[in-house]
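Structure at a glance
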Amino acid sequence: MTAASRYVSCAGYELHYMDWGAPDAPVVIAWHGLARTGRDMDALAAFLVEHGWRVICPDTIGRGFSQWSRAPRDEYCLRFYARLARALFDTLDIRRAHWIGTSMGGAIGTVCASGMFEPDMRERIVSLVLNDNAPELAAPAIERIKAYAGQPPVFDSMAQLEKFFRTAYAPFGWLSDAEWRKLAETSMRRLPDGRVTPHYDPAITQQFTEHADDYLIWPHYDALDLPVLLLRGVDSDLVLKEVAQQMRTRGPGAQGRLQWLEIPNCGHAPALNVPEQWQPILQHLSAAQTAQTAHG
């Protein structure tokens with residue numbers, strides 16, 4: 001297993017990503033959620049590498065080690081994130097890739113694979129895993145996310161920050177003590193006065209205030225022509241069951257290309273850190289890659 005921390009220029013910004021596995025292996029893009037980082041995908045990436053995949057886990061601009069936007073009102077939105085993803089593909093010379101996306105990362109994958117924002121991306125994404133993401137999200141849950149993400153708290157110590165994360169991200173499901181510590185350490189920055197706060201640019205919530213209905217993306221979903229795996233946390237307040245049912249009747253669902261799995265003991269969103277969540281993803285990727293190879 002190999003993993004490297006790398007930086008690349010994409011769409012005018014320095015983008016950080018973790019690069020797992022052999023450079024000649026089939027590629028998986030694993031994209032994190034709204035206020036998270038690519039390090040959330042470490043455990044999944046390590047597992048997939050053992051099964052012959054290369055996994056690239058970016059930090060979106062405004063998160064982790066990537067630069068913050070110079071024009072947050074215009075750039076913290078799905079259209080620009082799709083441009084960022086295309087630039088990443090181009091810079092790393094990725095011709096085809098599978099896409100795993102948690103929450104926001106799933107939405108980015110959907111709008112990329114539809115080709116409506118970046119036309120050439122439609123042919124470059126082979127399959128899609130939506131980890132607790134759908135073409136329509138519950139409004140009360142969006143308000144909840146806006147409330148905690150828009151005003152990141154400040155703490156005197158890492159212990160206090162970790163306690164906050166354990167509460168805020170309890171819906172992720174089971175994490176070991178070591179995993180909670182790692183999550184806190186990969187999700188923080190120190191302020192000039194030495195206190196600690198979550199890593200991200202608070203302006204990322206302008207996606208909601210400046211881009212009305214940015215996550216209402218049924219036209220993109222309807223345009224998809226690829227296999228999709230939906231992982232829904234049983235207790236998710238963001239992806240409602242009736243929306244998942246609707247996904248079965250539209251787009252890939254109407255084509256018989258949607259698989260929907262309920263993930264027990266999780267809300268929004270499953271942490272993708274246990275074998276029970278890895279195995280269906282691996283099966284989905286393997287089947288899609290086999291079909292892609294057969295069709296050239």
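Each remark here, short or long, concerns the structure printed above.
Residues numbered from 1 in each chain as written. Predicted model: local features only at pLDDT ≥ 70, side-chain atom pairs only at ≥ 80, totals over all residues. Heavy atoms only, no water.

1. Some points on the overall build of the protein
Note the threshold: Strands are runs of DSSP state E lasting at least 2 residues, helices are runs of H or I lasting at least 4, and numbering of each runs from the N terminus. Every radius of gyration here is taken over C-alpha atoms, with the globule rule written as 2.2 Å times N^0.38, N being the number of residues. Two residues qualify as a contact provided that any one of their heavy atoms is within 4.5 Å of a heavy atom in the partner residue. All accessibility values rest on the Shrake-Rupley procedure with a 1.4 Å probe; residue burial counts only the protein chains present in the view.
A count of helical and extended segments in the protein gives 12 helices and 10 strands. By the compact-globule yardstick of 19 Å for 296 residues, the protein fits well, its C-alpha radius of gyration being 18 Å. Look at the contacts in the protein between residues 6 or more apart in sequence, and 76% of them connect residues 24 or more apart. Looking at the protein as shown, the accessible area adds up to about 12,200 Å², and 51% of this sits on carbon and sulfur atoms.

2. Description of the pairing of strand β1 (residues 3-10)
Operational definition: Between any two strands, at least two bridges found by DSSP are needed for them to pair.
Of the strand pairs in this sheet, β1 and strand β2 (residues 13-20) are connected by 8 bridges, and their pairing is antiparallel. Residue pairing for β2: Ser5 is matched across the bridge by Met18. Between β1 and the antiparallel strand that follows it, β2, lie 2 residues; Ala11 among them carries a positive phi value of about 55 degrees.

3. A closer look at the pairing of β2
This is how the line gets drawn: Each residue is placed in one exposure class: buried if its accessible area under a 1.4 Å probe, protein chains only, is under 20% of its type's maximum, exposed if it is over 50%, and partly exposed if it falls in between.
Counting buried positions along β2 gives 7 out of 8 residues, so the element sits mostly inside the fold. Bridge count for β2 against strand β4 (residues 54-58) is 4 bridges, and the pairing is antiparallel. Within β4, the residue paired with Trp20 across the bridge is Val55.

4. Considering the sheet that holds β4
Just so we agree on the cut-off: To obtain an axis, a line is fitted to C-alpha atoms, over the contacting stretch when the element is a helix, and the angle between two such axes runs from 0 to 180 degrees between their N-to-C directions.
If you trace the 8 strands from one edge of the open sheet to the other, you get β1-β2-β4-β3-β5-β6-β9-β10, paired in mixed fashion. Looking at which strands have only one partner, the edges of the open sheet turn out to be β1 and β10 (258-263). In this sheet, neighbouring strand axes are inclined to one another by 20 degrees on average, regardless of whether the strands run parallel or antiparallel. Where strand β5 (residues 97-102) lies against strand β6 (residues 125-131), 5 bridges are found, and the strand directions are parallel. Considered in β6, the bridge of Thr102 is made with Asn131. Those strands touched by helix α3 (residues 78-91) are β1, β2, β3 (27-31), β4, β5 and β6, and its axis lies near 115 degrees from that of β1. Taken strand by strand, helix α4 (residues 104-114) contacts β3, β5 and β6, and its axis lies near 140 degrees from that of β5.

5. Quick notes on the packing of aromatic side chains
Centre distance and the angle of the planes are the two values used to describe a pair of aromatic rings. The test is simple: Here the aromatic set is Phe, Tyr and Trp, taking the six-membered ring for Trp, and pairing holds for ring centres within 6.5 Å; pairs whose planes are under 30 degrees apart are stacked, those over 60 apart are edge-to-face, and all others are tilted.
According to the stated counting rule, one finds 9 aromatic pairs in the structure shown. Arranged with centres 5.7 Å apart and planes meeting at 40 degrees, the rings of Phe155 and Phe164 form a pair that is tilted. Judged by relative accessible area, Phe155 falls into the buried class, the value being 18%. For Phe164, a relative accessible area of 22% corresponds to the partly exposed category. Here Trp218 and Tyr221 contribute two aromatic rings whose centre-to-centre distance is 5.7 Å and whose plane-to-plane angle is 85 degrees, an arrangement assigned as edge-to-face. Placement of both Trp218 and Tyr221 in helix α9 (residues 218-222) is noted, with a separation of 3 residues, approximately one turn of the helix. Comparing Trp218 with Tyr221 shows no difference in burial state: the two are buried.

6. Concerning the nonpolar core
Threshold: Throughout, nonpolar core names a set of buried Ala, Val, Leu, Ile, Met, Phe, Trp, Tyr and Cys residues whose side chains join them through atoms within 4.5 Å.
Ranked by internal contacts, the top residues of the largest apolar core, which has 75 residues, are Ile29, Trp31, Leu78 and Trp99. If one sorts the elements of this core by residue count, α3 sits on top with 9 residues. Setting aside residues up to four positions removed in sequence, Trp99 forms contacts with Ile29, Trp31, Ala85, Phe89, Gly105, Ile108, Gly109, Cys112, Ile125, Ser127, Leu128 and Val129. Among the nonpolar cores identified, the runner-up in size contains 25 residues, and Phe47, Leu48, Trp53 and Leu229 belong to it.

7. So, unusual backbone geometry
Cis geometry marks the peptide bond from His268 to Ala269, where omega comes out at 0 degrees. In this structure, Ala269 sits in the loop between β10 and α12 (275-294). Even without glycine at this site, Asp132 takes up a positive phi of about 55 degrees. Relative to the helices and strands, Asp132 is located in the loop between β6 and α5 (139-149).

8. Some details on the packing of helix α1 (residues 42-50) against α12
Applicable threshold: Small angles under 35 degrees read as roughly parallel and large ones over 145 as roughly antiparallel, with 65 to 115 read as roughly perpendicular and the rest as oblique. Put simply, a crossing is left-handed when the front helix is turned counterclockwise from the back one by less than a right angle, and right-handed when it is turned clockwise.
It is the contact of α1 with α12, at a shortest axis distance of 11 Å, that shows an interaxial angle of 50 degrees. On the basis of their axis angle, the class for α1 and α12 is oblique. Every pair of crossing elements has a handedness; the one defined by α1 and α12 is right-handed. Between α1, through Ala43, Leu44, Phe47 and Leu48, and α12, the contact on the second element is made entirely by Trp278, Gln279, Ile281, Leu282 and Leu285.

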